[in-house]
Amino acid sequence: AELQQVLKPRIDGLMFLTKNAMILDAIREQNRANASLEEIQKIDAEWKAGKSPLIQELQDNKVGAFLKNIIVQQSDVYNEAFVTDAKGANVAAFPATSDYWQGDEDKFTKAFSGGKGEIFIGDVEEDESTQQTAVQISVPMLYNKEAIGVLVIGVKVSVLEAEKLKAGK
């Protein structure tokens, strides 16, 4: 509860991003493609081995470039951002995540919440892909009041500490 209070300004900003039509359209397009879990896990294995062309494509597509812009402009606050589809497969990411499929991780499952959508705040931890200590905030991407994917952003711990001080905690 304390962490959620400290992160409230960040969460509010993310909720604003959940209304972004470009992001929602990209998720809906990938959901329509309806890749099987087997296909997703094959891409995930290639991704983890560094052999998937999607690693670069998902940073360079429109949404990836948009996320990159946020991360670069606010690099003092955020270390990463990515968007998934309804199965937890990446739609866009900056920088590249350590794996393609997020569908078996709390950051996806708890935020997607079986299609209901809920805000989820992870633990403060060393992020594997960025090598920085951060906390990930996951918010559902809603379309017609149903979760169609998840937006995850990493907030650097230094920001948490500064915001706790401002809040007098």
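Placed above this text is the structure.
An account of the accompanying structure is given in this report. The model shown is predicted, which means the values in this text are computed figures rather than measured ones.

Analysis parameters
Residues numbered from 1 in each chain as written. Predicted model: local features only at pLDDT ≥ 70, side-chain atom pairs only at ≥ 80, totals over all residues. Heavy atoms only, no water. Phe/Tyr/Trp six-rings, centres within 6.5 Å; stacked < 30°, edge-to-face > 60°. Helix = DSSP H or I, 4+ residues; strand = E, 2+ residues; numbered from the N terminus. Buried < 20%, exposed > 50% of the residue type's maximum accessible area, 1.4 Å probe, protein only. Lys NZ or Arg CZ within 6 Å of the ring centre and 35° of its normal.

What to know about the packing of aromatic side chains
The relation between two aromatic rings is expressed through the spacing of the ring centres and the mutual angle of the planes.
Here is step 1 of the chain: For the structure shown, the criterion picks out two aromatic pairs.
Here is step 2 of the chain: Between Trp47 and Tyr100 the ring centres are 5.5 Å apart and the planes differ by 40°, which places this aromatic pair in the tilted class. Residue Trp47 is found in helix α4 (residues 37–48), and its partner Tyr100 is found in the loop between β2 (90–94) and α7 (106–112); the two are separated by 53 residues along the sequence. The residues Trp47 and Tyr100 share a single accessibility class, namely buried.
Here is step 3 of the chain: Ring geometry for Phe108 against Phe112: centres 5.1 Å apart, planes inclined by 20°, an arrangement best described as stacked. Placement of the pair is Phe108 and Phe112 together in helix α7, with a separation of four residues, close to one helical turn.
Here is step 4 of the chain: For Phe112, a relative accessible area of 12% gives the class buried.
Here is step 5 of the chain: Over the ring of Tyr143 we find Arg28, and its NZ or CZ is 3.9 Å from the ring centre.

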